[in-house]
Structure formats: C-alpha cells, structure tokens
Amino acid sequence: MEFKLQYFDKQYSVTLEKKDDLYGVVINDEMKYQVSDFVRQQNIISFRLNETIYNIYFAEDRDKVYVAFGGDSFIFDLEKRTTAGARRPVEERGNSVSSPMPGLLVKVPVSLGDKVAAGATLAIVEAMKMQNELRAPSDGIVKKINFKEGDQIDAFQPIVELDIE
Amino acid sequence: MEFKLQYFDKQYSVTLEKKDDLYGVVINDEMKYQVSDFVRQQNIISFRLNETIYNIYFAEDRDKVYVAFGGDSFIFDLEKRTTAGARRPVEERGNSVSSPMPGLLVKVPVSLGDKVAAGATLAIVEAMKMQNELRAPSDGIVKKINFKEGDQIDAFQPIVELDIE
Amino acid sequence: MFKKILIANRGEIAVRVARACRELGVATVGVYSTTDKSAYHLRFMDDAVWIGDSPPQASYLNIEKIIDVTKKSGAEAIHPGYGFLAENAQFARACEDAGVVFIGPNSKALALVGDKVASRTTVKAIGVPIIPGMEGLTEEMSIFKNMAKEVGYPVIVKASLGGGGKGMRIVYNDEELESCVAAGRREAKSAFGDDSVYLEKYVDRPRHVEFQVLRDHQGNVVHLFERECSIQRRHQKIIEETPSQALDDKLRAKMGEAAKKVIEAADYTNAGTVEFLLDENKNFYFLEVNARVQVEHPITEMVTGVDLVRHQIMIAAGERITLKQDEVSQHGHAIESRIYAEDPENNFLPSPGKILTLVEPSGPGIRVDSGIYQGCDVPPQYDPILSKVIVWAETRSMSISRMSHALQHYIILGIRNNIGFLKRIMDTQKFIEGNYHTHFLDENEADLISKHDDIGIALIAATFIASEKKRVYDARAGTRAELQKSMTPWRELGHWEICGH
Amino acid sequence: MFKKILIANRGEIAVRVARACRELGVATVGVYSTTDKSAYHLRFMDDAVWIGDSPPQASYLNIEKIIDVTKKSGAEAIHPGYGFLAENAQFARACEDAGVVFIGPNSKALALVGDKVASRTTVKAIGVPIIPGMEGLTEEMSIFKNMAKEVGYPVIVKASLGGGGKGMRIVYNDEELESCVAAGRREAKSAFGDDSVYLEKYVDRPRHVEFQVLRDHQGNVVHLFERECSIQRRHQKIIEETPSQALDDKLRAKMGEAAKKVIEAADYTNAGTVEFLLDENKNFYFLEVNARVQVEHPITEMVTGVDLVRHQIMIAAGERITLKQDEVSQHGHAIESRIYAEDPENNFLPSPGKILTLVEPSGPGIRVDSGIYQGCDVPPQYDPILSKVIVWAETRSMSISRMSHALQHYIILGIRNNIGFLKRIMDTQKFIEGNYHTHFLDENEADLISKHDDIGIALIAATFIASEKKRVYDARAGTRAELQKSMTPWRELGHWEICGH
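Everything quoted here is computed from the prediction, not taken from an experiment.

## What to know about the confidence of the model for chain A
Part 1 of the reasoning: Model confidence for chain A is summarised by a mean pLDDT of 86, while 90% of its residues fall at 70 or above.
Part 2 of the reasoning: The low-confidence segment residues 81-92 of chain A (pLDDT under 50) makes 25 contacts with residues lying over four places distant or belonging to another chain.

Below, the structure is given as structure tokens:
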C-alpha cells in the first residue's frame, strides 16, 4: 500500500507492507525499516524500531498530518496541493505576488496601470511585528490589485497581478 | 427553565432565566445570582458574577458533569440515579453488600446458607493498596454470592445477598 | 557511567528516574504490566518491556521476570524507584547474583535497616538516641508486660519488618496489651509474611523529622538536611516541608551528624533517609532508615540544589560524591503535596478511573512530578498516588501561598482526588504558624473536608453545561421541525457560547 | 500593598505578572483586544476588560482607554509587562496624572534612559565606560564624518530612541556613511516617530552582558548579577544564560558596581537592566538601560532565588528592598530559550495559526512561562513569542543537557516554531564550550537549520496516521457493503490501534 506525503516541496512515497507482526516501511525506495508494536492513543502514536520505542505526538487537520520528533515538528501534506495553501517561492508564480504568511496589508505602493520593473516592491505585508516586502517577479504592468491597504490577508492569495509582455 | 443536579445525596434545583444580557440563576430557591458574559471553550467555561470573571474547567461523561473550582472538583449527576452508579451507604441497601469502589474481591469469608450476624464481614475488597471490609447490614442467611475471590468487581454491584427474616 | 538502565517501577517515580537518566545520556528500559500498556511512564523510556499481568505480584513484584528482562535488554543496572521491590533485600541479592547493579544500598545494609529490631540495636550501640523499648524479639508475653511497665504507658506495638502503619497498635494499659500484641502479629503476618512485633514507649504528638544522607562506595558521606513530614493521614505522609520549623541550627547540626553516624554504622551505601521522632521537648529519637529514594525527595532537591536521583545513579556506578558537608546549605523553603486518587468526602476511599481533563499548575517555583496524562486510566491495582506538587520560594510564607495557589489551579477531572483537601491544609492557621505534629490531621480532619461554600459557582457552571447537553440531546432525538416546536432550554435561553466581550 | 492591579499586556508576561499578584493576595484586572477574547492570559485574571480592536494601536497601545478602564475597575496600579507601553514615558506620565501607580521607573528616569544620547552623556559623566562616539544630536553630515574618522571604521549608526535593531546600520567606510545615515533616519522615523540618529565605534564580535538592578524609592539599590544574551538573531535575543562564561568574579563585581552607579545617576526606581557590550579584550562599555521587566528575567530568578516581578510590585507600592548586596549570590546555572511562532526553515517567517497539540516539558529544574494553550489561536497581530523554557541545574553542562531534553520534549503542533532550532544550538560544540559572541547565530545559522536526518521516523508515524485517515474517510464515503469490497489500506494492513505488548 503506497502513500504520498509532501514536506515543503519534497515528495515522499511511503509503502507499508504487513508481514505477521511486523510492518515493512519503504520510503522513496531508499530508506527501509521494519517496525512493530503500533499503539495509537489520542494524540500520540508509538511503535518499535529495533531496540527503541518511539513515542510520537501528532495532530491532524484536513489534508495535513503534524508530527513532532526530536524537537522538530513536521507538517506533511497528504493530497496534491492546490494553489491556495501551497508554500512555494513567490517568484515561481510568474504574474502575481502573494504573501507566504497571513498578515496585515500595510502598503501597496503601486496603482493600476503602473509599469514596474522586476524586483520592485508591489506590497508590504506585516505579521507579528515583521514586515515582508513582496517584489515583482518580472517586468510588467499592474493589471489588478485585489486588496486595499489595511486588509487582513491570508497566505498565498494573489495581492497584485501583473500583465507581462 | 429548571435543571436538576445531584451532588452525592444532595439534590439541587437550578433555574436559569435570561433577561437581556444577564442570566438570573436561582438555586434551591435560596441562592440567587446574576451572571453574564458566558464563553465556552473546549474544556473551560467562563462567566462574570459581579466584578469577577470565573474560569471553570469542566468535563462531561454520559449523565455526569465534572466541574473544578477552587481546588475542589465536583461531580454532578444530571439524571435520576439508578442503583448501579449510585453512591449510598452500604447499610441502606438492606439485604446485600456491595463495594463503594471498584477493586479486587480479596476474600468472601462466608458460604451459601451461613447464618450471619449484623456487622459480620461478608467480603473484603481491595483497591489501590487499601482493603475495605463489607459488613452485614443486619442478621440474616447468605442467599447468594455473585462473585468469587480474585474477581475484579465494579462499584455498587451486590456481592453477597442475604435472606433477612 | 552505565549505558542502559532498567527502571523497575511505574508512575511518577519511573518518570523521575527516566528524566535523570536521559540528562546523563543513559538509555532507559521501562517495564509495564498488562493494565499499564499505555501508562504515562512509558512515554519517557527508550524501550519498554511487558513483565506480566496486572496484579503487582505478577509484574512489578516479579523478581525473576524483572531480572530476566534486564539481562535480555542489555541494561547494566536497575533503578527500583520506591515501593514495589525498592527495599526488598532478596531482590537486591538477586541483582547482585545476576551481575546487575541494584541502584540502592548493598543487600547487607538493606537487610540490616529493614529489620527494625536489629537496626535499633546497631543505632543504640553508637550512642544515637532510640525510643526506650525492646531490643530483641520474643514470644514471651511477660517480657512485653515488663517492658511496658518499665517505659510506662502508653506504649506502641510495631511490626519488626515493614511500615505504613501495618501491625501498629497503641496500647494505653495492661489490660489491652495482650490482645493488641496478638492483633499486631496477625496484621504483620498478613502484610509482611512475618509476625514479629516489638514494643516501645509511645511518644505523644511527636514531629516526624528525617535527614537525607548520601554515602558512596569510597566511604564519603554527606547529609542534605532535614524534611519535616508530620502531616500524615493514617501514618501516610501527605505534605512535607523543609526546613523544619522545629529545628534551630544547633539541633539541625546535631541530628545531621547523628544521621550520618547511623548510615556509617550500617555500612550503608547510596541515598538513604534516617527518620527521627522529635518530642515536645525537642528530644530526638531514631525511628528507622528508609533505604530508597523517597516520595518527598524533591523538596531536598529544591532547597539544596542537589539532584538526588542523579546522585543515586552516580554512586551506584562507582563515582565519588564531590559534595562537601560545609558546601551544602539550605536556600529558601520548599513544600510538597501528594496528589492521591481518593475521596476526602467519602472516607478517603480510593478512586480509580479515567482522567477526562488535566491541567497542571506551572510558573515560577512550581514543579509537578506526575504519572498521569489527560485521557489515561488510573488502574485500581496500584498505589493511589497520581503526582506531586512541589513548590519553592524565598520564605516559608511565600512557599505556602505558592502551594495554595498551585493546588487551586491544578485541575483533575474524572476521578475524585484530594487536591481541595490539601489546599485547605495550606490555608489553615495552625499549618501557617508551623506548630504542628503527626496528629495534626486526625485532630483537624473534620475542618478540612469541603464545606461546599462555593458550590453555587460550581452549580452555575454545571447547569450551563447541562443546558447545552440537553440541547444537543434534543437535537439528536428530534427532527429539525420537532425541535422548532419543543421548548428546549437552549432556545429559551439563547445561544451563549460565542458571546464575547 | 495594592488591593487591585491592572495588567496592561497579554501573553506569557501577563500570566507571569498575574501569578505574582495572586501569591501576594492582590486582585488582577486583565485586558484584551477583540482577537484576544479567548486568550490564555485571561484565565489567570480575576476580572477582564475589553480595550479595543485587534491592532495594537487600538488596544494594548491605547493609553487613554487603558487609563480609563483602570480608573473604572478600581485598580490602583498598572503593570505594563514588556513591549507595548512598558517603556513609554508618556504613558508613565499619564498614569501619574491620573493618580494610578505605574509599576516601573518614574517617568523622568524613564524619559532619560529612553534617550540613548542623553543617557550616554549621563553615564560618561560618572566615569562608566561608553563606546566612543557622538554625544549630542546633529543633522550635520560633517560631524558624523569627523566622528567616524576619530573613532575609526567600522562605525555603527543607531536610532536615538527605540531598539530592536531598527534604524541600525554598520558602516565600513566614508563612501557608505551618508546613505547609511539617511537610511537609518528613515527607519527610525517610521519605527519610533523620530529620525534622530547618532554614531559610535562598532565593536566587532562583542558579548552582550547585562546586569539586573533593583532600586527602591528610599534609595536602596542592589544588583542581582549578570545575564549573558549574546545568542541573538537579527538583534533579537533568543537564548540567555547566567552566570556568563565571560566574567570572572573581579570583572563581575566591577560591572555590577558600574550598573548600580548608572541606575543611581539616572535616579531610576524599580527594576532595571543595564546592558553592556564586552569586547574580546574584556573591556566593557555601557550600552543602554532597559526600563522594564525583561523577557529573560527568569534566569536571574533561578540563580538568585529573588522573585523580580514581586519586587517590582513591592517597590512600586513603596516598600523597601530588604536584600543586601553581600547577601545575594549566584547558585547553579540557568538558561532560557524563547519559543517563537516562526519558521526556521523558511527564513524565520512568522507562523500564526491554531495550536492543535501542546505538551510542555516538565520535571526537576524546568520552568515554562507560557502564553498559549492547546486549541488556542496565535493571532498575527502581535509579537511571535509563544512561551519561554527556563532550566536550572547545578552546573552549566547539566543545565545545557536539561535544556536540550526539555526542548526535545516540548510539543507544539499546528504552527511552525523554532524549538528544533533552539535545541540544535544547545547541542552545538561552540555553545557548549561557552565561547561565543553576538554574531554566533549569523555565523552558524546554516548549520542550525534542520537537516532532516530523522525524517524517516516522522514519515513512518505520519504514514500510519494517514492510513487511518484514509480508512475513516473511506468508511464515511461508502456503505458498509461497499467498504467490504474496497481494498482499503486499513484492512490490507490490519487494525493496529489496539495491539499492545
């Protein structure tokens, strides 16, 4: 049985296979484990790998699984990502800018029809006392401004869209 | 709207009445309160009474509501009690003995047909390193023994029943 | 240092030991009985092994099985915690025989201090005061009678092995003596498998003051001052504090030296506690040695800054104690309260069951050593201790205030517990004054049971929860249309869940 | 003592202050903005008042409203916590005008220490070393140029008001100077409403060492030793420890005396911190006075045993400090780690959101000062600090081990956080050696980002959770019969939930 999980931009394919009391786990055809003794409680899952029992806290939320291990926490996406909710560099989006974090739209220093150069600041979003400048991915003309200054915005929503020649 | 709650053997009748933003609460026609600003979260309820906001942790479980306040915790029964689950003195039961706590049936020092005097030990139940002797409520003859030594028993289940002349 | 240790216990003390191990870089093996397979302590272990069915005899007291899984796991040492096998000389010997280090005293010292009559003899020989009484065992009733006459009534009959009040009887006159000795023997036999009892002068309204001692295999010995444990219910300590209000520096130094002499005379190694009774004239008498880490050890850690469990492990591994007596000191004041699954309003009956909501107090100077989690089952098979709250503050009065508030904000719902009872002790004038003794609770218990002055507040909360339960119940029972027609309290009262500021 | 105090803050510091109040028997009034109506700090207050909409300007920075609700509530004093209005001299004056006690320095001292140029002048006059640089404000570029030449490049341009790195520029040569001054002015203007900047010698790779001082209204002054805060990210402290590895007893005493002189020269009252830079040759320079209780105050509490927040309240109420300088001492070692809602793997972007699972570390020597609970929302409007982990142990190395394990067992799921990043700092050889400086993080940041060596374990856990999610999803989607036919991973894999030992 194969499962696909994504961490940031990295895809993991995990296959589980049950043999008697053991589960064979293979990750990306590279890492192989034999685990056993699964016990799941409300927010903790435990299993044995070699001579160690791992007790791992988790949480679930729609298409995400959250797992804490060794001080780090991992957020895995279970389904193919749609644009909203995805976390990819703003530059990749081509003709728009969006904020990687929810926050307050502090400033939109451009107007409809403005000609802007790649790297020009199109919007400033503030969250938790940190300001983030969103810069034009390429040269273009401001085609659409979806929010106004003072609006509370979510992550990954296009704020300013450009016409790119 | 009237609610009936029970704490140990004490009955409380609580009426709630809404007037604008306030709730009038009357308990047993004696204690009267005006409360407001109810907020309920997962396991905490808060409300204002005069100049104080009370933040009260609670839990629910079938017909019980558990409430913690000031270091004490209260277990309120919401419905009329059935015999099982009720907590009343063993003596009141008349013709049988049962344990007020779940535990291990350590000893039943009587046999069917034995004639026993009031106060004789009919069973010993142990929980958490504490032994509890269950004594005959009155003179009688052992009619029924529902468990054997070594059994795990629940609270308020008749263990030994007597025929009382 | 060891690479791997097996922890032969459960609950908060197993967690405590596991924490000490991981900070030392030592791997841990936990053990569990059938009922404990999801127990809290296992979350702190690197590995976990099943050792038997739920009754203690089948698992946590199963010497053979525990030695066996220790060998298989590769652990080099066993930490027994307290209770269960902690003071079992046979277990200590079995460890020695199996080549596993028992983290505690050597089996010879353990056997000596476990025998109350033998240890009285040892202690008397080095000039440390003991309570006047018998110094040998006998079945002769006439010897009991003569001794009672010699020391004067009241006297107390005690089991030679064991503790916890089992086999203990206070005797006020000649007439009662014979039946009390017989009853004590029966109880001792059933509790400890040995019916030996002895008799000593009964000290009325004493204070219980004990000294923590550490001694390494090289013979270095240091005491870490006292703990006062006079707040007891049925011979069970429930609140402890240090420093004791009963000692001045001179008496403290004298008792500390006496405690070290006792430990040295028994050739005792590792951590041990020498218990004393202090009478109303401040005379102290040796009571017994507790040959384990004690439930109340954290208050010593708080005021001296010395990690006792880490020292136990280090001493067992052969390391020297580097602490010097004149370098340890008491800093501030600490109190511990033991949280039990028991019902103060119903004769302190045990209260096993499921913990539905758990919120622990935290903040400056507050430590909670816990063995439970929200959602866990507290099984009926074991000791009712759930956790311990330990506070530290600059002064005793701040420490009492801190404990009172910590208890007030410790939420355990689903089972009955003694938190409110403990809080009321903190708020009692006599406790605040510090002038109490081991009968304090017996004499004041009635005042410490909840009067329910605040039940109105609890009822308001419960009623609003009930009103919502009813609404949800009604909504399930009826169709939407029926619901519209029925007069549910909910619609009558309006929806209050989301109303805010 | 006050009967009632209003706490004009939110998050962990509001909780900290409320705890100090209740232990003193002082009633508390909490305040909240619209987004904070279910915030954690309100659970610790006796009363709670809404003070405005979610943006800080409308609520926690709304001086008029806060004074107004204070008067209406009957509170006699306001504790401002840190951040927000804590160092706002205008607010302190408004309190004084309204007849409400501001729990902090008097407004005159607050204004003086808030002005970096004025405080440099004051400090220089009493012979405490300052970093060579400008001692007055000017708009003249030539004066900047001459001063830069005099002290030698590199130099640093700083805003006269405010802190946190805003308006700060390091300048390496004449050519950059003018544009850096201009940029610093713009940033200062936008951050603090004032474009004054000044210039001083840039000290390369310094250590940041600060001294905690208390001074009462009777003029009694005592310092409580140092805190080393050199582990900084973008001028933001994230880990602090005491004692500092950089000081010996002689230097410690000298800097402590200098700190007290600074506080006395400013006629400063209440708790204050005198910050110093220490260069590689152990020369120290006055940096500024922090006129508030600081985020890192708990480590001082842990090693000295002095409750700083309680002292703040007592001093504000007019009480005398009874601590004597020669009676306070440092005992053991303490470290604090600040837990932020930020993503170390994504340029430390803020990460507001809902906390789905929360498990705090606990045990001996561990204190968590928290502002969150499981199920709460971390709003985007405020500072990303969630909580602080503070540990104490006998030695620095035990303290580091304790912190590393505490962080490893601190579970916050639902939002991204820096716990793993902090843990890796603890495990770094350079930190363990103690030989670090304020550029430590910049120079080592890449090594401190997770390498995901353990992602396999996390993936195993996540996959099993996913397999059950899928099973539940499938079960909902299909009828029972269809479910039987479909090959769900669940049936294929078997039911593993209940399998035990």
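## A look at the sheet that holds strand 9 (residues 207-215) of chain D
Residues and elements named next belong to chain D.
Part 1 of the reasoning: Here we have eight strands laid out as an open sheet, ordered 13-12-9-10-11-14-21-19, and antiparallel in their pairing. Every interior strand has two partners, whereas the edge strands, strand 13 (284-290) and strand 19 (366-370), have only one. When strand polarity is set aside, the average angle formed by the axes of neighbouring strands in this sheet is 25 degrees.
Part 2 of the reasoning: Direction of pairing for strand 12 (residues 270-278) relative to strand 13: antiparallel, over a ladder of six bridges. Pairing of phenylalanine 276 across the sheet is with phenylalanine 286, part of strand 13.

## Description of the packing of aromatic side chains
All names here are of chain D.
Part 1 of the reasoning: One pass over the full model with this rule turns up 42 aromatic pairs over all chains.
Part 2 of the reasoning: Where tyrosine 40 meets tyrosine 373, the ring centres are 6.0 Å apart and the plane angle is 40 degrees; that geometry is what we call tilted. Here the residue tyrosine 40 occupies a position in the loop between strand 2 (27-33) and strand 3 (47-52), and tyrosine 373 occupies one in the loop between strand 19 and strand 20 (377-378), the gap between them amounting to 333 residues.
Part 3 of the reasoning: Residue class for tyrosine 40 comes out buried when judged on its relative accessible area of 14%.
Part 4 of the reasoning: Accessibility expressed as a relative area gives 11% for tyrosine 373, which makes it buried.
Part 5 of the reasoning: Here the aromatic rings of phenylalanine 431 and tyrosine 436 are separated by 5.3 Å at their centres, their planes lie at 20 degrees, and the arrangement is stacked.

## Considerations on the nonpolar core
Nonpolar side chains tend to gather and get buried jointly when the protein is soluble and globular.
Part 1 of the reasoning: Formed by 61 residues in total, the largest nonpolar core has its most connected members in D:Ile412 and D:Ile425.
Part 2 of the reasoning: It is helix 1 (residues 11-24) of chain D that contributes the most residues to this core, seven residues altogether.
Part 3 of the reasoning: If near-sequence neighbours (up to four positions away) are discounted, D:Ile412 is found in contact with A:Ser73, D:Ile339, D:Ile355, D:Thr357, D:Leu358, D:Ile372, D:Leu386, D:Asn417 and D:Ile419.
Part 4 of the reasoning: Of all hydrophobic cores here, the second largest spans 60 residues; its members include C:Cys21, C:Leu358, C:Val378 and C:Tyr436.

## What about the interface of chain A and chain D?
Part 1 of the reasoning: On the side of chain D, 63 residues touch chain A, which itself brings 56 residues to the contact.
Part 2 of the reasoning: Buried area between chain A and chain D, both sides added, is near 5,300 Å², and the carbon and sulfur share of it is 71%.
Part 3 of the reasoning: For the pair chain A and chain D, the interface holds three salt bridges.
Part 4 of the reasoning: Close ionic contact of D:Arg424 with A:Asp72 constitutes a salt bridge, the shortest N to O distance being 2.8 Å.
Part 5 of the reasoning: Scanning the region where chain A abuts chain D turns up eight residue pairs in polar contact (both at pLDDT 80 or more).
Part 6 of the reasoning: Broken down by class, the residue content of the side of chain A that touches chain D amounts to 39 nonpolar, six polar and eleven charged.

## A look at the side chain of C:Asp47
Part 1 of the reasoning: Tracing the backbone through its elements, the reader meets C:Asp47 in strand 3 (residues 47-52).
Part 2 of the reasoning: The exposure class assigned to C:Asp47 is buried, which follows from its relative accessible area of 9%.
Part 3 of the reasoning: A polar side-chain atom of C:Asp47 sits 2.8 Å from a polar atom in the side chain of A:Arg48.
Part 4 of the reasoning: Not counting residues up to four positions away in its chain, the partners in contact with C:Asp47 are A:Arg48, A:Glu51, A:Ile53, C:Thr28, C:Val29 and C:Gly30.

## A closer look at the domain arrangement of chain C
Part 1 of the reasoning: For chain C, the domain assignment lists domain 1 (4-103), domain 2 (132-201) and domain 3 (207-448).
Part 2 of the reasoning: Centre-to-centre, using C-alpha coordinates, domain 1 of chain C lies 35 Å away from domain 2 of chain C.

## Points about the environment of D:Pro361
All names here are of chain D.
Part 1 of the reasoning: For proline 361, the location among the structural elements is in the loop between strand 18 (357-359) and strand 19.
Part 2 of the reasoning: Accessibility expressed as a relative area gives 9% for proline 361, which makes it buried.
Part 3 of the reasoning: Distance from proline 361 to glycine 133, taken between C-alpha atoms, is 46 Å for residues 228 residues apart in sequence.
Part 4 of the reasoning: Apart from residues no more than four positions distant in its own chain, proline 361 is found in contact with Ile366, Val368, Ala406, His409 and Tyr410.

## Some words on the interface of chain D and chain B
Part 1 of the reasoning: At the interface, nine residues of chain D touch nine residues of chain B.
Part 2 of the reasoning: Buried surface at the junction of chain D and chain B, both sides included, amounts to about 770 Å², of which 30% is carbon and sulfur.
Part 3 of the reasoning: Sorting the residues of chain D by area buried against chain B places D:Arg43, D:Asp46 and D:Asp47 first, and these three jointly supply 56% of that buried surface.
Part 4 of the reasoning: Taken together, chain D and chain B are joined by two salt bridges.
Part 5 of the reasoning: A salt bridge links B:Glu51 to D:Lys4, with the shortest nitrogen-to-oxygen separation between them at 3.3 Å.
Part 6 of the reasoning: Applying the counting rule to chain D against chain B returns eight residue pairs in polar contact (both at pLDDT 80 or more).
Part 7 of the reasoning: Taken together, the residues of the side of chain D that touches chain B break down into four nonpolar, one polar and four charged.

Conventions and cut-offs
- Residues numbered from 1 in each chain as written.
- Chains lettered and ligands numbered in written order.
- Predicted model: local features only at pLDDT ≥ 70, side-chain atom pairs only at ≥ 80, totals over all residues.
- Heavy atoms only, no water.
- pLDDT = per-residue confidence, 0-100.
- Contact = heavy atoms within 4.5 Å.
- Pairing = 2+ DSSP bridges.
- Helix = DSSP H or I, 4+ residues; strand = E, 2+ residues; numbered from the N terminus.
- Axes fitted to C-alpha atoms, helices over the stretch in contact; angles between N-to-C directions.
- Phe/Tyr/Trp six-rings, centres within 6.5 Å; stacked < 30°, edge-to-face > 60°.
- Buried < 20%, exposed > 50% of the residue type's maximum accessible area, 1.4 Å probe, protein only.
- Core = buried A, V, L, I, M, F, W, Y, C linked by side-chain atoms within 4.5 Å.
- Buried area = accessible area lost by both parts, 1.4 Å probe.
- Salt bridge = Lys/Arg side-chain N within 4 Å of Asp/Glu carboxyl O.
- Polar contact = N/O pair within 3.5 Å; in protein donor to acceptor, adjacent residues only side chain to side chain.
- Nonpolar A, V, L, I, M, F, W, Y, C, P; charged D, E, K, R; others polar.
- Domains from an automatic or database assignment.

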